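# Structure assessment
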Amino acid sequence: MTPSDSGPERRERLKTLREAALGRPVLAHHIADGFNGRWSRRQWVQASLFATIAALVTAIVPGFGDLQAGSTPLARHSMSLPLPPLALRASKPTAEHEWHVVRVQSGQTLGAVFQQMSIPASTMHRILEQPGAKTTLTRLGTGAELAFDVSGGVLRRFRYDRDPAHRVEVALHGDRIVQQVIERPTELRSVVSSGEIDSSLYAAARKAGLPASAIATMTDEIFKYDIDFSGAKKGDRFSVVYDQIWREGELVDSGDVRAATFTTGGKTYSGFRFEHAGKVGYYTAEGKPLKKSFIRMPIPYARVTSGFTTARKHPILGRTRAHQGVDYGAGSGTPIMAAGDARVQFVGWKGGYGRTVILDHGRGHTTLYAHMSRFAKYTVGQRVAQGSVIGYVGSTGLATGPHLHYEFRVNGVHRNPLNVTMPPPELLQGAALVAFRAQSAPALARIEEVEGLLRNNARIASRQPATSGATSGTAKKV
Ligand SMILES: [Zn+2]
């Protein structure tokens, strides 16, 4: 994942996706990464199906469990047993009922919750002084659970979750305060969701129970270079293998997308997650990176207003000279993205170019972005990931109106970015390729198995039109 895939931008995109799927606006604070914390009865039914299938996956493909090692910070807490642990709860049967659980409301502060519980602010401040407490408690999200054990108007114990895997319990005995961090075992389960598009991709994905974050990974990351999803049509199929994070029998979040396939126009695209040389990426079944070295346009969906020419009359200088780049018309302030992973070579004013950024992509490739209204946060020497915003469209320098002037150079020679042959991505080789094959094969087998089941079901259903329950959906959870 690139840095641009986290934070407010991604959150906003997830919100848009979710709205598209639901057909109604969604409040921003309800959008956790793929899981909103509230379940419909239908989702509970789906979850129990997931759980059964996850157990089957482990049984059928023993190697599949190995995929889970080291992929998320939570992986080290994963357990090999598919059943939720009951021992923790059973060991303290009497303590549970004394807890009063409060869910943080939208816009509610910690102080407000304590006030609501009639607990003095001084007590709250004592709790906040505990190691690590401030970091979590001053940034509580809507729906976060806080538990109070109050006896005779005095707070005896206070409990909150630092993260899905750590619960903090604070005991107050008069002047003494004792904080205990309890590890809560979480478990990763890989599940497969498959579907076929009927009306829209988002409707089909939603029907298949795919979390918004997994849809976004498929469209904006895995296949963004190869598939134009705005052209997805009825009959196109997808399968996604992704992780779910479970704790004590409860689904708490969704994790990484391990593999995905998308079939459109009779062609099946596939992508498999693999960590290589410290970088996570998606690869074809043959071990070829899906990520291209360069994206074609530094501004998505922008219009080319002036192409690359060797000689033309300059609109301001009046002289005939080459236009050694491509102009993209866009409104002032439109974000400009780094065309590829790079190191920043230049940020500043450059004569007629105005505010300009030059990126060095290695292997003799550089890109230049001119006429910016302002720069993003990057400074010379810094590493920039492909797709990161490096500045904003403007009309500084010699420009008749707001646009991006974009240049692409190979070993110092200007090339037309619209048709230059981009350097091919480096294939996985040797031990990395062997490791990749071992990881991707079980995921692919699972997808093939699930898609086979779907086809069989569809065949059976078409033979027995009376059993309407079995034919109601094109997308089935398996
Ligand atoms: Zn230009």
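To start, this report covers the structure provided alongside it.

The rules we used
- Residues numbered from 1 in each chain as written.
- Predicted model: local features only at pLDDT ≥ 70, side-chain atom pairs only at ≥ 80, totals over all residues.
- Heavy atoms only, no water.
- Pairing = 2+ DSSP bridges.
- Helix = DSSP H or I, 4+ residues; strand = E, 2+ residues; numbered from the N terminus.
- Axes fitted to C-alpha atoms, helices over the stretch in contact; angles between N-to-C directions.
- Buried < 20%, exposed > 50% of the residue type's maximum accessible area, 1.4 Å probe, protein only.
- Donors = N, O, S within 2.8 Å, 3.2 Å for Na, K, Ca; no water.
- 1 Å grid on protein atoms, 1.4 Å probe; cavity = no way out; pocket = protein on both sides within 12 Å on 5 of 7 lines; lining within 4 Å.
- Points joined across faces, edges and corners; volume = space filled by probe spheres on them.
- Nonpolar A, V, L, I, M, F, W, Y, C, P; charged D, E, K, R; others polar.
- Core = buried A, V, L, I, M, F, W, Y, C linked by side-chain atoms within 4.5 Å.
- Contact = heavy atoms within 4.5 Å.

## Here's the deal with the sheet that holds strand β9 (residues 267-276)
The strand order across the open sheet formed by five strands is β6-β7-β8-β9-β10, and the pairing between neighbours is antiparallel. Bordering the open sheet on either side are β6 (186-196) and β10 (279-283), each of which pairs with just one other strand. Shown here is a sheet whose adjacent strand axes are inclined to one another by a mean of 25 degrees, direction ignored. The sheet contact formed by β6 and strand β7 (residues 237-247) spans 11 bridges and is antiparallel.

## As for the pairing of strand β22 (residues 403-410)
Across the eight residues that make up β22, a large majority, seven, are buried. Two elements, strand β14 (residues 326-329) and β22, share four bridges in a ladder whose sense is antiparallel. When the sheet's bridge partners are listed, Y328 is paired in β22 with L404. Bridge count between strand β18 (residues 365-372) and β22: six bridges; the pairing is antiparallel. Bridging from a neighbouring strand, T366 pairs with R409 of β22. In the sheet, β22 pairs with strand β23 (residues 413-415) via three bridges, with the strands oriented antiparallel.

## Digging into the sheet that holds strand β4 (residues 166-173)
Strand order across the open sheet formed by five strands is β1-β2-β3-β4-β5, with antiparallel pairing between neighbours. Strands with a single pairing partner mark the edges of an open sheet, and in this sheet they are β1 (100-103) and β5 (176-183). When strand polarity is set aside, the average angle formed by the axes of neighbouring strands in this sheet is 20 degrees. Here strand β3 (residues 154-163) runs beside β4; their pairing, made up of six bridges, is antiparallel.

## A closer look at the coordination of the zinc ion
Surrounding the zinc ion are the protein donor atoms H323 (NE2), D327 (OD) and H405 (ND1), which sit 2.0 to 2.1 Å from the metal. Each donor residue of the zinc ion belongs to the same chain, and together they define the spacing H-x3-D-x77-H. Of the two residues, D327 is situated in strand β14 and H405 in strand β22; the sequence distance between them amounts to 78 residues. When its relative accessible area of 8% is taken as the criterion, D327 is described as buried.

## So, empty space enclosed by the protein
Counted according to the given criterion, the structure contains two cavities of 30 Å³ or more. A volume near 30 Å³ is recorded for the second largest cavity. Around the second largest cavity sit E145, L146, A147, R159, Y160, D161 and R167, which together line it. Sorting the residues of the lining of the second largest cavity by element identifies β2 (145-151) and β3 as the ones contributing at least two each. Class assignment for the residues of the lining of the second largest cavity results in three nonpolar, no polar and four charged.

## Some details on helix α8 (residues 212-222)
Count 3.6 residues to each turn of an α-helix, and residues three or four apart come out pointing the same way. Burial analysis of α8 places 10 of its 11 residues in the buried class, the great majority of the element. Of the residues making up α8, those classed as buried are A212, S213, A214, I215, A216, T217, M218, T219, E221 and I222.

## Re the nonpolar core
Counting 30 residues, the largest nonpolar core has I299, I336, L359, Y369, I390 and L404 as its most contacted members. Counting only elements with at least two residues in this core, the list comes to β14, β15 (335-337), β16 (342-349), β17 (355-362), β18, β21 (389-392) and β22. Sort the elements by how many residues they give to this core and β22 lands first, with four residues. Beyond its immediate stretch of four places on either side in the chain, I299 contacts Y328, A330, T334, P335, I336, V393 and L404. Core analysis: the second largest hydrophobic core is formed by 23 residues, I197, A204, A208 and A260 among them.

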